[in-house]
Every structure is written in structure tokens, then in C-alpha cells.
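Each chain is listed here by its residues.
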Amino acid sequence: MPHVDLSAGPIDYIDTGSDGPVLVFGHGLLMNETLWRKVIPLLEGYRCIAPTLPLGAHRNPMRADADLTQRGVARIFADFLEALDLSNVTLVLNDWGGGQFMVSDDRADRVGRLVLASCEAFDNFPPRPARPAVVLCRIPGGTTLFLRLLATSFVRHNKQAWGGLSKSGISDEVLDDWFAPATRSAEIRRDLRKFCTGTPPRKTLLKWASRLSAFDRPVLVIWATEDRMMPLAHARRLEELFPNARQMYIDDSWTLIPEDQPEKFAAALREFVPSA
């Protein structure tokens, strides 16, 4: 798998290499590029790039001094686009919504279109069901305990954990791949802990969200009608906030629409970003 060395550390990514419009995909906590394994094959004619962000499932640790707060990871994402010299990309976010901070931080100059799909927004960082895990990561040894709990079927498939992200269910094979790096590496656990404890106060989050209206390029808000983690009301608020936004809802899915409804997700992207 190719990687790019940024000032914060190495970022692995997959790149289909097409000459078509560029789609760059983000993922959530303790996930990697395989979140998009069902969607990308349906997007022939597009150049699909999916980095593995330092959210706990990254295979190589970041530098010890890397800023892995919410805004810090958004800046790493922006640095990734710059390092690959990408422009006019369609940025696609699902679950983790921190790519929005690229807009509030004035780092979205390489983003031509934005897709927000059942993701964190406003003050929902992290979603309420995930907050006990964040509290656990603040305690010495808590991150290791968190990962040990995720090794058990009872916790990992619980609807208050990863079991609540996909209505169709995420296989143990995929979850094992997502959880393995932090389980085996103390440095990656350090990175995970830094991210989990790096969310600013609610007042700051809402201040940043208020700046999203400055993004006047096309925005597509896709939301799962049965989402258990991301409030449906946030979809409407996001559509109203962006000056050039449209909205669609997808039934029979929870947060991870690429997992539950990949065909509908890919069709929405093809309609939003016509191929050359």
C-alpha cells in the first residue's frame, strides 16, 4: 500500500488511479480505508483515494509530537491533499465529521465538493454512545482496557458500540483488521488516546460549525433515516447552513451507509459528481 510522509507522520492510502473526477474518502474512529471496500468498486471512471487517517486503526504510528486533536487530524487530512497535489476533489465523510474543520480552519481550498454522510456535526463530537469510551481513555491504562473489551463479541457487537453502526452488521474479520493496530502497538494506542481526548468544548465546536456557511461550493448531505448515532435533525441543519447544499435520505441503514447500502451510496455519488 502506498503512503505519503507528512510532518505529522506517514499516511497509508489506496488510489484507483483513474483519470476521472477525484473522490477522497474519510472514515471514523478505529476504522481504515476498508470502510469503502463495497463502494469504490462501483465507481468506475472516478479516481478514488481513501487514506487511513490516524484514528486508531492506522498501521504505522504518527510522530510523538503530532497534533491528533480533532482539528489536528483535519489539518493532517488537508496536508494529505496537498502532498498528493490534489485539487477540486470531492471530499466524502462518513461517521467522523472532522473534515468539516478543514472549512472552519480555512484549509478547504482543494475541496470542490463536499459529501457529509451520517457523520458527526455541531456538538455531536463524539456521538453520545461513544462518550463512555472517551472517558475510559482519559484514565491511565483505560485505552488498553477499551481495546480488550472490543476483543469480546459482547462489546464489539453491542448496539452502544460498533454493533450500533451497521444495521447489516460488521464481520469479525473486518473488525479484527480495524482493531489490530492499536491492540498490538503502544504507540498507536498513544495516538488513539490523543485523538479520543482531543475534542474541544461544546462552545468551540459550535463556533467552528458556524463558519461552515462560508463554503459556497456544492454540498450533498446524505443521512440514514434509522441512524442510531447521528441525529437526523443534524441533516436538516447542515442543509440549511451551507448556501449550496442538497439533501437525501437513505432507508434501511444505520450510520455506516457504505456498509449497509453501498449501491445507493455509489449511485448518489455518481449523480452528485458526474463523470467526465
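Refer to the structure above for everything that follows.
Residues numbered from 1 in each chain as written. Predicted model: local features only at pLDDT ≥ 70, side-chain atom pairs only at ≥ 80, totals over all residues. Heavy atoms only, no water.

Participant: So what about the overall build of the protein? Which residues, and what values?
Facilitator: Of regular secondary structure, the protein possesses eleven helices and eight strands. Against the globule reference of 19 Å for 276 residues, the protein gives a C-alpha radius of gyration of 17 Å, in line with a compact fold. A separation of at least 24 residues holds for 73% of the contacts in the protein among residues at least 6 apart in sequence. When the accessible surface of the protein is split by element, carbon and sulfur atoms take 50% of a total near 11,300 Å². One way to put it: in the protein the 33 positive side-chain charges average out to a point 7 Å from where the 34 negative ones average out. (Helix = DSSP H or I, 4+ residues; strand = E, 2+ residues; numbered from the N terminus. Rg over C-alpha atoms; globule rule 2.2 N^0.38 Å. Contact = heavy atoms within 4.5 Å. Areas by Shrake-Rupley, 256 points an atom, 1.4 Å probe, with all protein chains shown as cover. Lys, Arg positive; Asp, Glu negative; His and termini not counted. Charge placed at Lys NZ, Arg CZ, Asp CG, Glu CD.)

Participant: So what's going on with helix α4 (residues 142-150)? Residues and values would help.
Facilitator: Among all positions of α4, only Gly142, Thr143, Phe146, Leu147 and Leu150 are buried. Buried positions in α4, seen along its axis, are confined to an arc of 140° and lie on one side of it. Its buried side turned inward, α4 meets α3 (131-137), α5 (153-156), α6 (172-184) and α7 (186-196). (Buried < 20%, exposed > 50% of the residue type's maximum accessible area, 1.4 Å probe, protein only. Arc of directions from axis to C-beta.)

Participant: Residues and numbers for the sheet that holds strand β4 (residues 47-51), please.
Facilitator: Spatial strand order, β1-β2-β4-β3-β5-β6-β7-β8: eight strands in an open sheet with mixed pairing. Two strands lie at the open edges of the sheet, namely β1 (3-6) and β8 (245-250), each paired on one side alone. Adjacent strand axes in the sheet meet at a mean angle of 20° when their direction is disregarded. Sheet topology note: the β1/strand β2 (residues 9-15) ladder contains four bridges and is antiparallel. Considered in β2, the bridge of Asp5 is made with Pro10. On the sheet, helix α1 (residues 70-83) packs against β1, β2, β3 (22-25), β4, β5 (89-95) and β6 (111-119) and is oriented at approximately 115° with respect to β1. (Pairing = 2+ DSSP bridges. Axes fitted to C-alpha atoms, helices over the stretch in contact; angles between N-to-C directions.)

Participant: Please provide a residue-by-residue account of the pattern of salt bridges, values included.
Facilitator: Within this structure, the stated rule accounts for 16 salt bridges. Taking the shortest distance from any N to any O, the salt bridge between Lys167 and Asp252 comes out at 2.8 Å. Of the two residues, Lys167 sits in the loop between α5 and α6 while Asp252 sits in the loop between β8 and α10 (257-260), which places them 85 residues apart along the sequence. The partner of Asp216 in a salt bridge is Arg217, and the shortest N-O contact between them spans 3.8 Å. In this structure, a network of salt bridges that share partners links the residues Arg37, Lys38 and Glu259. (Salt bridge = Lys/Arg side-chain N within 4 Å of Asp/Glu carboxyl O.)

Participant: Please provide a residue-by-residue account of the pairing of β6, values included.
Facilitator: Within a regular strand, the side chains alternate between the two sheet faces. Counting buried positions along β6 gives eight out of nine residues, so the element sits mostly inside the fold. Sheet analysis places β5 next to β6, joined by seven bridges and oriented parallel. Its bridge partner lying in β6, Val92 is registered against Val115. Relative to strand β7 (residues 219-224), β6 is paired through four bridges, and the arrangement is parallel. Residue pairing in the sheet places Ala117 in a bridge with Ile222 of β7.

Participant: How would you sum up the pairing of β8? Please name residues and give values.
Facilitator: In this structure, β7 lies alongside β8, joined through six bridges in parallel fashion. The residue bridging Val221 from the neighbouring strand is Gln247, located in β8. Of the crossover connections in this fold, the one passing from β7 over helix α9 (residues 232-241) to the parallel β8 is right-handed. (Right-handed = clockwise from strand over helix to strand, strands pointing away.)

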